[in-house]
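Chain and residue survey
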Amino acid sequence: MATAAYEQLKLHMTPEKFYVEACDDGADDVLTIDRVSTEVTLAVKKDVPPSAVTRPIFGILGTIHLVAGNYLIVITKKTKVGEFFNHVIWKATDFDVLSYKKTMLHLTDIQLQDNKTFLAMLNHVLNVDGFYFSTTYDLTHTLQRLSNTSPEFQEMSLLERADQRFVWNGHLLRELSAQPEVHRFALPVLHGFITMHSCSINGKYFDWILISRRSCFRAGVRYYVRGIDSEGHAANFVETEQIVHYNGSKASFVQTRGSIPVFWSQRPNLKYKPLPQISKVANHMDGFQRHFDSQVIIYGKQVIINLINQKGSEKPLEQTFATMVSSLGSGMMRYIAFDFHKECKNMRWDRLSILLDQVAEMQDELSYFLVDSAGQVVANQEGVFRSNCMDCLDRTNVIQSLLARRSLQAQLQRLGVLHVGQKLEEQDEFEKIYKNAWADNANACAKQYAGTGALKTDFTRTGKRTHLGLIMDGWNSMIRYYKNNFSDGFRQDSIDLFLGNYSVDELESHSPLSVPRDWKFLALPIIMVVAFSMCIICLLMAGDTWTETLAYVLFWGVASIGTFFIILYNGKDFVDAPRLVQKEKID
């Protein structure tokens, strides 16, 4: 049993120190942070001055250094997600960023502005939905990983034993990590999606849980983080685990998703779909092998499902992926290319059964994890499906939900919840819960990476493609286009600051934030708004003849379209690009 983190906390503040008091039964510990020296020590309750200003908090996210000095980030609101094997799971819904400094008089005007921008970046990340934690359960590991651990591992604190890939506040907790005596105040926080449901089929009640864990390695936004880095970490890597708990028995099925693991980029340039660029100088095989070596060690066999187009701009990536798998020649990897858009064109989504039939035998071989009510491991999952499309969002989530349903069918039959011959698809009440949960999972992952809800969720929710779904996809695609081109630079900088990929140095002679925006960055929105507005004005203020009105409209219409295409010619000058220099940047 892992050493639990403190659940009930009070924050006492004086001008000199922060005191975080543990209020759990029998606890006397107080974490003390000196606001001047930044020293962290352990005290007891009698050391808290009565003059301190007191407020309840629900966890320490960590500390970060900005231009004005250090800041303490605490969780101020939480909501209960559910209970997980008698462990309560929480979602953090509000935070506070508290300065160590009592005044900002030591800063210049430029430093004040930079500090304000960095604070805005921090708050941007904190306002993205999807931060989860538990004070008693290790959310960063799958059931199978937790079942195969040593007694020493079981005695570790949650912070020590956590899978660092999924601890999003790992950088913020670095000071507390260095002092084991304060680990009970350190709370590993997961970013992604968790949902829990109590369900019933045939009068038999079971818990059904879905967890998506987003990796904090090579994290970022859609067009600015693609492919892999030199360590083999893939962009938008997510581990998704589906869990069933029935009569003490627990079953789990794990899948992964991640960007195509070679060195490639797709920088925004105002075009709807920028052309993917595969690096001509990077050692693709080195990064590719590093990626899959780690995947095999963690998960076992890899069944790769590549869902991208096999023609057009995506074709070179598919060919490169296939070539790399073939060149590596590993018996632990199977590669399947399935052109999702081609196979399902004209809304023929029933054709996804072609892929499911193709991988059915492989899925049976991979199996799933199952432990009985006595705690004995009955079955192990021998490998995972690693699915990807370009973004690893929309197409990927659809396929993952179908594979997970097939595994769940087998698990519930084995556990005796489903009768022989019964199909999950026939259980209307559960099907509604299942489909909506997977659609919510798609939306959460998409908002965190692309900035909008997922596409194709009408199929996930209803089992069929609808015209309304197509309209909503169009709307989300338009919002993605705007964010990817005009706000993702700030979003990428925010993530890099939060995760420690960029460290603030107030002694820097030249701040990266002081670089003025090129006038072209503001030109596109202004020109397009003016041209569009003139078209509307010409229509509202018709000339003497319709011919004259039409001439005005055509003039401004052609002007706006012409300007737009001129801008597109060198569109990268007009997009919002990141300004912070990361510790490592490989495309």
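From a predicted model like this one, the values you see are computed outputs, not experimental measurements.

Bringing the overall build of the chain into the picture now. Per the secondary structure count, the chain includes 16 helices and 20 strands. The buried share of the chain, taken over its 587 residues, is 55%. Within the chain, contacts between residues at least 6 apart in sequence are counted, and of these 67% link residues at least 24 apart.

Moving on, we get to the pattern of salt bridges. Following the criterion strictly, the structure yields 23 salt bridges and no others. For Glu83, the salt bridge is made with Lys80, and the minimal N-O distance between the two is 3.1 Å. Accessibility expressed as a relative area gives 43% for Glu83, which makes it partly exposed. For Lys80, a relative accessible area of 48% puts it in the partly exposed group.

Packing of helix α6 (residues 284-299) against helix α7 (residues 315-328) brings their axes to within 11 Å, and their N-to-C directions diverge by 75°. With respect to α7, the element α6 is oriented roughly perpendicular. Every residue of α7 that contacts α6 at His284, Met285, Phe288, Gln289 and Phe292 is listed here: Phe321, Met324, Val325, Ser327 and Leu328. A class-by-class count of the residues in the contact of α6 with α7 yields 7 nonpolar, 3 polar and no charged.

Evaluation of the coordinates by the stated rule reveals 17 aromatic pairs. Plain terms: the ring middles of Phe18 and Tyr100 are 5.6 Å apart, the flat faces sit at 70° to each other, and that makes the pair edge-to-face. Of the two residues, Phe18 sits in strand β2 (residues 17-22) while Tyr100 sits in the loop between β8 (87-99) and α1 (109-126), which places them 82 residues apart along the sequence. For the residue pair Phe18 and Tyr100, the accessibility class agrees, reading buried in each case.

Looking now at the sheet that holds strand β3 (residues 29-34). The antiparallel open sheet is built from 5 strands, whose spatial order is β4-β3-β2-β1-β5. Only two strands of the sheet have a single neighbouring strand rather than two, namely β4 (40-44) and β5 (53-57). Neighbour-to-neighbour, the strand axes of this sheet turn through a mean angle of 25°, independent of strand direction. When β3 meets β4, the two strands line up antiparallel, connected through 5 bridges. Residue pairing across strands places Thr32 opposite Thr41, the latter belonging to β4.

Here we come to the nonpolar core. One broad trend across soluble globular proteins is that nonpolar side chains are buried collectively. Among the nonpolar cores identified, the biggest contains 80 residues, and Phe84, Phe206, Trp208, Leu352, Leu412 and Phe430 are the most heavily contacted of them. Considering every element that reaches this core, the biggest residue donor is helix α10 (residues 394-415), with 8 residues. Setting aside its immediate chain neighbours within four residues, Leu412 contacts Ile201, Phe206, Val244, Val417, Leu418 and Leu424. Within the second largest apolar cluster, 41 residues are counted, among which are Val125, Val221, Phe498 and Val575.

In terms of strand pairing, strand β7 (residues 69-84) meets β8 through 12 bridges, oriented antiparallel. Opposite Tyr71, over in β8, you have Ser99 as the bridge partner. Turn length for the β7-β8 hairpin, with the two strands adjacent in sequence and antiparallel, is 2 residues, and the turn residue Phe85 shows positive phi of about 55°. Sheet analysis places β8 next to strand β9 (residues 131-133), joined by 3 bridges and oriented antiparallel. Opposite Ala92, over in β9, you have Phe131 as the bridge partner.

Okay, the packing of helix α9 (residues 352-366) against α10 next. At a closest axis distance of 11 Å, the pairing of α9 and α10 adopts a crossing angle of 50°. If you check the angle between α9 and α10, you find them oblique. The handedness of the crossing between α9 and α10 is right-handed. Contacts between α9 and α10 involve Leu352, Leu355, Leu356, Val359, Ala360, Gln363 and Asp364 on the former and, on the latter, Val398, Ile399, Leu402, Leu403, Arg406 and Ser407. The residue inventory of the contact of α9 with α10, partitioned by class, reads 9 nonpolar, 2 polar and 2 charged.

Bringing α6 into the picture now. With 16 residues, α6 extends 22 Å between its outermost C-alpha atoms, agreeing within 8% with the 22 Å of an ideal straight helix rising 1.5 Å per residue. Burial in α6 covers these residues: His284, Gly287, Phe288, His291, Phe292, Gln295 and Tyr299. Projected onto a plane normal to the axis of α6, the buried residues spread over an arc of 120° and lie on a single side. Backbone geometry just after α6 places Gly300 at a positive phi near 95°.

For Cys344, the location among the structural elements is in the loop between α8 (340-343) and α9. For Cys344, a relative accessible area of 4% gives the class buried. Sequence-distant contacts of Cys344, defined by excluding residues within four places in its chain, comprise Trp349 and Leu352.

You will see that Asn202, though not glycine, has its phi angle at about 55°, which is positive. One non-glycine residue, Asn346, lies in positive phi territory at about 60°. Here Asn346 lies in the loop between α8 and α9. Here Asn346 falls in the exposed class, since its relative accessible area comes to 68%.

Reading the values: the criteria
- Residues numbered from 1 in each chain as written.
- Predicted model: local features only at pLDDT ≥ 70, side-chain atom pairs only at ≥ 80, totals over all residues.
- Heavy atoms only, no water.
- Helix = DSSP H or I, 4+ residues; strand = E, 2+ residues; numbered from the N terminus.
- Buried < 20%, exposed > 50% of the residue type's maximum accessible area, 1.4 Å probe, protein only.
- Contact = heavy atoms within 4.5 Å.
- Salt bridge = Lys/Arg side-chain N within 4 Å of Asp/Glu carboxyl O.
- Axes fitted to C-alpha atoms, helices over the stretch in contact; angles between N-to-C directions.
- Parallel < 35°, antiparallel > 145°, perpendicular 65-115°, else oblique.
- Nonpolar A, V, L, I, M, F, W, Y, C, P; charged D, E, K, R; others polar.
- Phe/Tyr/Trp six-rings, centres within 6.5 Å; stacked < 30°, edge-to-face > 60°.
- Pairing = 2+ DSSP bridges.
- Core = buried A, V, L, I, M, F, W, Y, C linked by side-chain atoms within 4.5 Å.
- Left-handed = near helix turned anticlockwise from the far one by under 90°.
- Expected span 1.5 Å × (residues − 1).
- Arc of directions from axis to C-beta.

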